[in-house]
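# Overview (structure and organization)
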Amino acid sequence: MSLTSINLWETVKKQYFFKLKANIDAFSSLIGIQLLALLFSFGGVGSVGMGGGNFSINIKYYSADLVIGFTLLWAFVTAITITTKPYRNHDFTFVTNRLSSSLSNILFLLTASIVGSITAILAGNLLKILAHILLDGQIYSINTGIQELVMGVCVTIFYVFFVTSIGYFIGTLVQISKLFIILIPVLFFGTLFLDASMQKEPFLVNVFTFYTMESALSLFIIKVIVTVAVFFTAAISILNRMEVRR
Amino acid sequence: MRVIECTDLTKTYLRKIVLDKLSFSIEENKITGLIGRNGVGKTTLLKIIAGFIKETSGQVKVFSERPYNNLNVSLNSIFVDDQMSFPPAIPLSEILTVAGNFYPNWDRELAKRLFDYFSFDPKSYHNRLSKGKTSTFNMIIGLASRCPLTIFDEPTTGMDAAVRKDFYRALLKDYIAYPRTIILSSHHLDEIEDLLEDVLLIKDGKKQFQMSISELKEWAIGLKGTTEEVLNLTDGKEILFKEYFGVNTIYAVVKNDFSEFLLNKARLVGVEISSVQPSDLCVYLTSETKGGIDDVFNKH
Amino acid sequence: MTVMTAILPLVILILIFGVFIFMVRLAGKFATPKVTHWLLFLYISVLLLGTVFVPFIIDDPMSQKGMGKVVDTDREFSDLYSNLNKGELDQIDAKYLMKESSFSNYQNQTIRVESSNNDGSQILIERKAVNDDTIEAFIFGNGLIIDGYDFSRKLKPYHLELMDNTLTINLPHQQDINLLIAKADFPIRQFTGESIINPSFSTGDQVVYLRIPNNLELIAGDHVFLEFIEK
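Residues numbered from 1 in each chain as written. Chains lettered and ligands numbered in written order. Predicted model: local features only at pLDDT ≥ 70, side-chain atom pairs only at ≥ 80, totals over all residues. Heavy atoms only, no water.

Looking at an unreviewed UniProt entry, one finds chain B named ABC transporter, with Sporosarcina globispora as its source organism.

Dropping the structure here:
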């Protein structure tokens, strides 16, 4: 039998389509989680009340914020899941090496981020319709431009993909040693409480605002891309040394 | 061409040495049987060859390249065992399609026909199959992929006798039509004797020997007769196995380096000469215990 | 609009079904359809339809009478009150005028002004130069500005009732206003600088402004405080 050769990119492509089929259930859980978020958003994602004398005002705000939040959670969990042993082993049943395995994972996570973001933002529209029909109230909207919709989807994709890179990295750490399952939450909450008790603003809050308070779009994009690259590269180099027990 | 070449291959886990300076090579387009007791390192060796595990020291070359993390080796080889994992979300028929996408030599027709022959349901899922059905399905993937290096590690686990027979027959037929390098690790050497061309015997992580099946069949000789005569004949030789019958009869297995003349003399004295089946021989050669199981039940 | 709401559910169902079947046929070539695929297509169809129908149900306050965003509410309020106190009603933006009415043929020499508002509403009186037996009444409200948009039309103005020689200012019954406002999602807000809750409220106060004939004498009832405008 004569030997054939293959390059990395072809392998990644084949694996990517393979993973779309293999992980289709991730998308059904996406739907479930977004529907749940819609349910919780029903009373408004924020509300303000005011009253005085014989007059009171109650305002309920509606947006896709809660759905986006739940979608971030889903993305995080999905990213961790595909680093676990069973999922890594699936690749080795067929043609792979560790680099192609991770690259196709990243492509899959990107796809998941895109699908999750688009559905999340569109779910915001669904929320408005449901609120209109079921709460029987007129909905007032401030800005519904196409440009803002597109920008909203793009920025959300960045956020969701960012979260997947964190999840993938953490999942990889856990694969090195189960100790990380305890270590990471301990570190996370530990720094939070420690800094808070010293009346210092917690380190993690600073990290959080570093991204969420960035009001210049191009800077935000650069920050996210660099961070994502760091996390994924670290994860890939760790996974590259790992044996596959099968 | 040497498809596999191992030089002083060593693998240690924590402090246990599983493979100890193992050196051998496997030529192209041969069926080699990998034989040895449980836990002797067969699976470890095969996983290193397949690129799943790294060697601790020494050198492994598959298709003249190091197999670990190697795309070309992965493309041209396949590792079939009962732990072969498939995504639970993909139905069986689609798994065949997926395999066809990955392996360039995949024979869709053969896979489909085998699939139907063994009565698989295209819509069922891999994780719901019984043990025997799992092994059968994995075997189909291994055969239809027609990889230049096909490794079967205990492929018949859970299969009933009829299916095992079918498997060996299918393997042989396809191998003859489309030759490739096959490594078959199995406990049922007696069943696959007719299939194998070479045998590689592993004991204590080291290579015991590697020889063709025909050589193996002639390698040892069984002598049965009176204790005195047999012990006389085997004086100075290593007795690989002995068993007592009645009061004064013994059956002993030794390496066959007797001349025809000596053998005839033995026959005249009443010693029965028999050939030793490769599977039995391998058992004797790899036994770790002194004596047999009967000694456990004998009172001291 | 009512015809629309009647057939809307039916149209939605048919459209969903149609898109749904189409997508399933398309994907059947890619992979064997499972429950998950059906679910996905259904969900996406519903979302797309939702997006299509959303513009129909949204009420954009910006398109109301061409009213734009009120940027500086504080300054506008102070302008309003200073104009009121100076009696320069023409200077006041029409959106603050809630109701205008006049009581003509008022023959009496005096008038009693009562209010059902125990807190004391603000009542401004301007004496006209003439005696035309007509009392003009203007009700000004400082509007209802939420998130910078004008919802003043939601507020019910005070009700003025003239019986015999008593002018009663009636407050409307308890007014509960419930609003549903759609906000941008946080990825968008991050860059437009909005915050989720923008309490740029107004208090919903109303001012009664009366233009009375020159000679009319006013008697203030309990809890009524009359302010006279010096023009």
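With that settled, the discussion passes to the sheet that holds strand E13 (residues 226–228) of chain C. Residue and element names in this part refer to chain C. Strand order across the open sheet formed by 5 strands is E2-E5-E11-E4-E13, with mixed pairing between neighbours. With partners counted over all chains shown, the strands left at the sheet margins are strand E2 (97–103) and E13, one partner each. Strand after strand, the sheet turns through a mean of 20° between neighbouring axes, direction not considered. (Pairing = 2+ DSSP bridges. Helix = DSSP H or I, 4+ residues; strand = E, 2+ residues; numbered from the N terminus. Axes fitted to C-alpha atoms, helices over the stretch in contact; angles between N-to-C directions.)

Turning our attention to the UniProt feature "domain: ABC transporter" (unreviewed entry) in chain B. Annotation from UniProt places "domain: ABC transporter" (unreviewed entry) at residues 4–229 of chain B. Overall, residues 4–229 of chain B shows 36% helix and 30% strand. The separation of its end C-alpha atoms is 46 Å. (UniProt positions renumbered as here; feature names shortened; annotations may be inferred.)

In this structure, Asn 69 of chain B is a non-glycine residue whose phi angle is positive, near 60°. Looking at where Asn 69 of chain B falls in the secondary structure, it is placed in the loop between strand E4 (57–62) and helix H2 (71–76). For Asp 133 of chain C, which is not a glycine, the phi torsion comes out positive at approximately 55°. Inspection of the secondary structure assignment puts Asp 133 of chain C in the loop between strand E4 (122–127) and strand E5 (135–141). By relative accessible area, Asp 133 of chain C is classed as partly exposed at 28%. (Buried < 20%, exposed > 50% of the residue type's maximum accessible area, 1.4 Å probe, protein only.)

Following the criterion strictly, the structure yields 22 salt bridges over all chains and no others. Residue Lys 21 of chain A pairs with Glu 94 of chain B through a salt bridge whose shortest N-O separation is 3.6 Å. One end of the pair, Lys 21 of chain A, is in helix H1 (residues 8–22); the other, Glu 94 of chain B, is in helix H3 (residues 92–102), on a second chain. Lys 21 of chain A sits in the buried class, given a relative accessible area of 11%. Across the salt bridge formed by Lys 237 of chain B and Asp 257 of chain B, the nearest N and O atoms sit 2.9 Å from each other. One end of the pair, Lys 237 of chain B, is in the loop between helix H9 (227–233) and strand E11 (239–245); the other, Asp 257 of chain B, is in the loop between strand E12 (249–255) and helix H10 (260–269), with 20 residues separating them in the sequence. Under the relative-accessibility criterion, Lys 237 of chain B is labelled partly exposed at 28%. (Salt bridge = Lys/Arg side-chain N within 4 Å of Asp/Glu carboxyl O.)

Turning next to the nonpolar core. Phe 94 of chain A together with Phe 137 and Ile 141 of chain B are the most contacted members of the largest nonpolar core, which has 64 residues in total. Taken domain by domain, this core gets at least three of its residues from each of domain 1 (2–204) and domain 2 (216–297) of chain B. Sequence-distant contacts of Phe 94 of chain A, that is, excluding residues within four places in its chain, are made with Phe 18 of chain A together with Ser 74, Phe 86, Ile 95, Val 98, Ala 99, Phe 102 and Tyr 103 of chain B. Core analysis: the next-biggest nonpolar cluster, separate from the first, contains 57 residues, Ile 68, Ile 82, Leu 109 and Phe 220 of chain A among them. (Core = buried A, V, L, I, M, F, W, Y, C linked by side-chain atoms within 4.5 Å. Domains from an automatic or database assignment. Contact = heavy atoms within 4.5 Å.)

A few words now on the interface of chain A and chain B. On the side of chain B, 41 residues touch chain A, which itself brings 34 residues to the contact. Buried area between chain A and chain B, summed over both chains or domains, comes out near 3,400 Å², and the portion from carbon and sulfur atoms is 57%. Here chain A and chain B share 2 salt bridges between them. The interface formed by chain A and chain B holds 20 residue pairs in polar contact (both at pLDDT 80 or more) in total. At the level of elements, H1, helix H2 (24–41), helix H4 (85–93) and helix H5 (98–135) of chain A are the ones that each hand at least two residues to the side of chain A that touches chain B. Per-element accounting of the side of chain A that touches chain B gives the leading share, 7 residues, to H1 of chain A. Within the side of chain A that touches chain B, the residues separate by chemical class into 13 nonpolar, 13 polar and 8 charged. (Buried area = accessible area lost by both parts, 1.4 Å probe. Polar contact = N/O pair within 3.5 Å; in protein donor to acceptor, adjacent residues only side chain to side chain. Nonpolar A, V, L, I, M, F, W, Y, C, P; charged D, E, K, R; others polar.)

Residues and elements named next belong to chain B. Domains assigned within chain B are domain 1 (2–204) and domain 2 (216–297). The straight-line distance from the C-alpha centre of domain 1 to that of domain 2 is 35 Å. Buried surface at the junction of domain 1 and domain 2, summed over both partners, amounts to about 910 Å²; 61% is from carbon and sulfur atoms. Broken down residue by residue, the surface that domain 1 buries against domain 2 is led by Arg 37, Glu 193 and Lys 203, which jointly contribute 55%. For the pair domain 1 and domain 2, the number of links is 0 salt bridges. Put simply, domain 1 and domain 2 have 3 residue pairs in polar contact (both at pLDDT 80 or more) between them. Listing elements by their share of the side of domain 1 that touches domain 2, those giving two or more residues are helix H7 (189–192) and strand E8 (198–203). Ranked by residues supplied to the side of domain 1 that touches domain 2, first place goes to E8 with 4 residues. Considered class by class, the residues forming the side of domain 1 that touches domain 2 number 5 nonpolar, no polar and 6 charged.

It is worth spelling out the side chain of Ser 186 of chain B at this point. Residues and elements named next belong to chain B. On the secondary structure map, Ser 186 appears in the loop between strand E7 (181–185) and H7. Within the local environment of Ser 186, its side chain forms a polar contact with the backbone nitrogen of His 188, the two atoms lying 2.9 Å apart. If we skip the residues at most four places from it in the chain, Ser 186 touches Leu 34, Ile 35, Glu 154 and Ile 192.

Listed under "transmembrane region" (unreviewed entry) in the UniProt record, and renumbered for this structure, are residues 26–49, 61–83, 103–127, 148–170, 176–196 and 217–239 of chain A. End C-alpha to end C-alpha, residues 176–196 of chain A measures 31 Å, and it is 90% helix and 0% strand.

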